[in-house]
Every structure is written in C-alpha cells, then in structure tokens.
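In case you want the letters, here they are:
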Amino acid sequence: MNIRVLLEWDEETQGYSATCPELNFVSSCGETKDEAVTNLKEAIQLLLTPIPEELLEQNGPTETIQLAL
C-alpha cells in the first residue's frame, strides 16, 4: 500500500512531524525525517490492527443509541 505522508519541520520542538491525511490524519514525530516516518509506520500498523475478539465481547446488557454530531 502506498500512502501520502506530509513531513514538516517544527521550529518550536526542533523535530519533524509526519502525517497521513488519508488515514484520518494519523501522525507521529521524530528528531529526523527517517525517525518520524518510522514512527508513523508503527502508528499506522497499530491503527490497522484489528481489535482482539475478547475485547469486543459483551459482558452485560448493552444499549444501542444513535449519536448525531
């Protein structure tokens, strides 16, 4: 999968930020461009990792509601 990454230098923190707009603007940072991109890859992998089934199991009564934003 190829994705677009925006790399920016942050003068205040003296580091780079890496952001992926196509994946809900998931982002990370690092002292170097390579570190920021490596950290972003890890963040994307965590984002795309399925939630384990045992965490999705319902242990009691549940209620479904609609939320309007």
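Residues numbered from 1 in each chain as written. Predicted model: local features only at pLDDT ≥ 70, side-chain atom pairs only at ≥ 80, totals over all residues. Heavy atoms only, no water.

**Q** Hey, could you run me through the overall build of the chain in this one?
**A** Looking only at helices and strands, the chain features two helices and three strands. Taken from the N to the C terminus, the helices and strands of the chain come in the order β-β-β-α-α. Compactness check: the chain gives a C-alpha radius of gyration of 17 Å against a globular reference of 11 Å for 69 residues, more than 25% above the reference. Within the chain, the fraction of its 69 residues that count as buried is 17%. When the accessible area of the chain is evaluated, it comes to approximately 6200 Å², of which 52% is carbon and sulfur surface. (Helix = DSSP H or I, 4+ residues; strand = E, 2+ residues; numbered from the N terminus. Rg over C-alpha atoms; globule rule 2.2 N^0.38 Å. Buried < 20%, exposed > 50% of the residue type's maximum accessible area, 1.4 Å probe, protein only. Areas by Shrake-Rupley, 256 points an atom, 1.4 Å probe, with all protein chains shown as cover.)

**Q** Any chance you could explain the nonpolar core here in plain terms?
**A** General note: in soluble globular proteins, nonpolar side chains tend to be found buried as a group. In this structure, Ala-18, Cys-20, Leu-23, Val-26, Ala-36, Leu-40, Ala-43 and Ile-44 together form the largest nonpolar core, which totals eight residues. Looking at this core, the elements that each hand over two or more residues are strand E2 (15-20) and helix H1 (33-48). Sequence-distant contacts of Leu-40, defined by excluding residues within four places in its chain, comprise Val-5, Ala-18, Thr-19, Cys-20, Val-26, Ser-27 and Ser-28. (Core = buried A, V, L, I, M, F, W, Y, C linked by side-chain atoms within 4.5 Å. Contact = heavy atoms within 4.5 Å.)

**Q** So what exactly am I meant to see when it comes to a negative patch on the surface here?
**A** The grouping of Glu-8, Asp-10, Glu-11 and Glu-12 at the surface amounts to a negative patch. The topology assignment puts Glu-12 in the loop between strand E1 (6-10) and E2. For Glu-12, a relative accessible area of 76% corresponds to the exposed category. (Patch = residues over 30% accessible without salt bridge, like charges linked within 9 Å, V, L, I, M, F, W, Y side chains within 5 Å. Salt bridge = Lys/Arg side-chain N within 4 Å of Asp/Glu carboxyl O. Lys, Arg positive; Asp, Glu negative; His and termini not counted. Charge placed at Lys NZ, Arg CZ, Asp CG, Glu CD.)

**Q** Just checking my understanding: could you explain the sheet that holds E2 for this structure?
**A** Paired through backbone hydrogen bonds, the strands of a sheet run either parallel or antiparallel to each other. Spatially, E1-E2-E3 is the arrangement adopted by the three strands of the open sheet, whose pairing is antiparallel. Of all the strands in the sheet, the pair left with one neighbour each is E1 and strand E3 (26-30). Looking at each pair of strands side by side, their axes are set apart by 20° on average, direction ignored. Seen against the sheet, H1 touches E1, E2 and E3 and runs at an angle of roughly 145° to E3. (Pairing = 2+ DSSP bridges. Axes fitted to C-alpha atoms, helices over the stretch in contact; angles between N-to-C directions.)

**Q** For this particular structure, what's the right way to read H1?
**A** Side chains that are three or four residues apart share a direction in an α-helix, a result of its 3.6 residues per turn. With 16 residues, H1 extends 22 Å from end C-alpha to end C-alpha; this agrees with the ideal 22 Å at 1.5 Å per step. In this structure, the buried side of H1 is in contact with E1, E2 and E3. (Expected span 1.5 Å × (residues − 1).)

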